Amino acid sequence: MAIGTGDQAPEFEFEVTPTERVRLADFRGRSNVLLVFHPFAFTPVCELEARDLQENLESFRQASTEIVLVSCDASAARQAWKRELGAEYTFASDFWPHGAAAKAYDVFNEANGAPHRGTFLIDRDGVVIWSLVMERDERRTEMVPDSLEALTTSE
């Protein structure tokens, strides 16, 4: 069963670069996290999604929310794609153990070895306050949920 609203978010630890890692614990008490799983880097639908996040980056920053975009691609591929897109938020790799975080969030697609599209807005206390999981390769249309506005007004 996928992680949903009100659930404690499972801890995660991703490789960003060979010398940099990002963990859910890094954000606890400091900022909210928008954790976005997607299937593959360098693909058209995923690119649209990544660009939408970049276009809405200021809204996330105003709500003290960090974006972590995750796939099972290797970290070198993630960083190359981030540079190509000119993105200013975290691109992380759930490469090894392969898909461990995607499995913990119940968004791992065993058939293709990649995550489904799953987005989790996690507050400073580590609680999921909004989520959306798409099991088909379709693009989300709501990248900035109403929950983000609530975060902005509650501070």
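Just so we're clear, the structure is a prediction, and the values are computed from it rather than from any experiment.

S.K.: Would you mind showing me how to read the side chain of His 38 here?
M.R.: Here His 38 is to be found in the loop between strand E3 (32-37) and helix H1 (44-55). His 38 sits in the buried class, given a relative accessible area of 0%. From its side chain, His 38 meets the backbone oxygen of Phe 40 in a polar contact 3.4 Å long. Within the structure, the side chain of His 38 is placed 3.0 Å from the side chain of Arg 78, a separation counted as a polar contact.

S.K.: Can you help me understand helix H3 (residues 75-85) in this one?
M.R.: Three or four residues apart is the spacing at which side chains of an α-helix point the same way, because the helix has 3.6 residues per turn. Listed as buried for H3 are Ser 75, Arg 78, Gln 79, Trp 81 and Leu 85. Buried residues along H3 cover an arc of 160 degrees about the axis, so they all sit on one side. What points out from H3, more than 90 degrees from its buried face, is the exposed set Ala 76, Arg 83 and Glu 84. Contacts made by the buried residues of H3 are with strand E1 (13-17), H1, strand E4 (65-71) and strand E5 (90-93).

S.K.: I would appreciate a short explanation of the nonpolar core in the present structure.
M.R.: Among the nonpolar cores identified, the biggest contains 23 residues, and Phe 14, Leu 35, Phe 37 and Tyr 105 are the most heavily contacted of them. Among the elements of the structure, E1, E3, E4, helix H4 (100-104) and strand E8 (117-122) are those that each provide at least two residues to this core. In terms of residue count, the dominant contributor to this core is E3 (three residues).

Cut-offs applied
- Residues numbered from 1 in each chain as written.
- Predicted model: local features only at pLDDT ≥ 70, side-chain atom pairs only at ≥ 80, totals over all residues.
- Heavy atoms only, no water.
- Helix = DSSP H or I, 4+ residues; strand = E, 2+ residues; numbered from the N terminus.
- Buried < 20%, exposed > 50% of the residue type's maximum accessible area, 1.4 Å probe, protein only.
- Polar contact = N/O pair within 3.5 Å; in protein donor to acceptor, adjacent residues only side chain to side chain.
- Arc of directions from axis to C-beta.
- Contact = heavy atoms within 4.5 Å.
- Core = buried A, V, L, I, M, F, W, Y, C linked by side-chain atoms within 4.5 Å.

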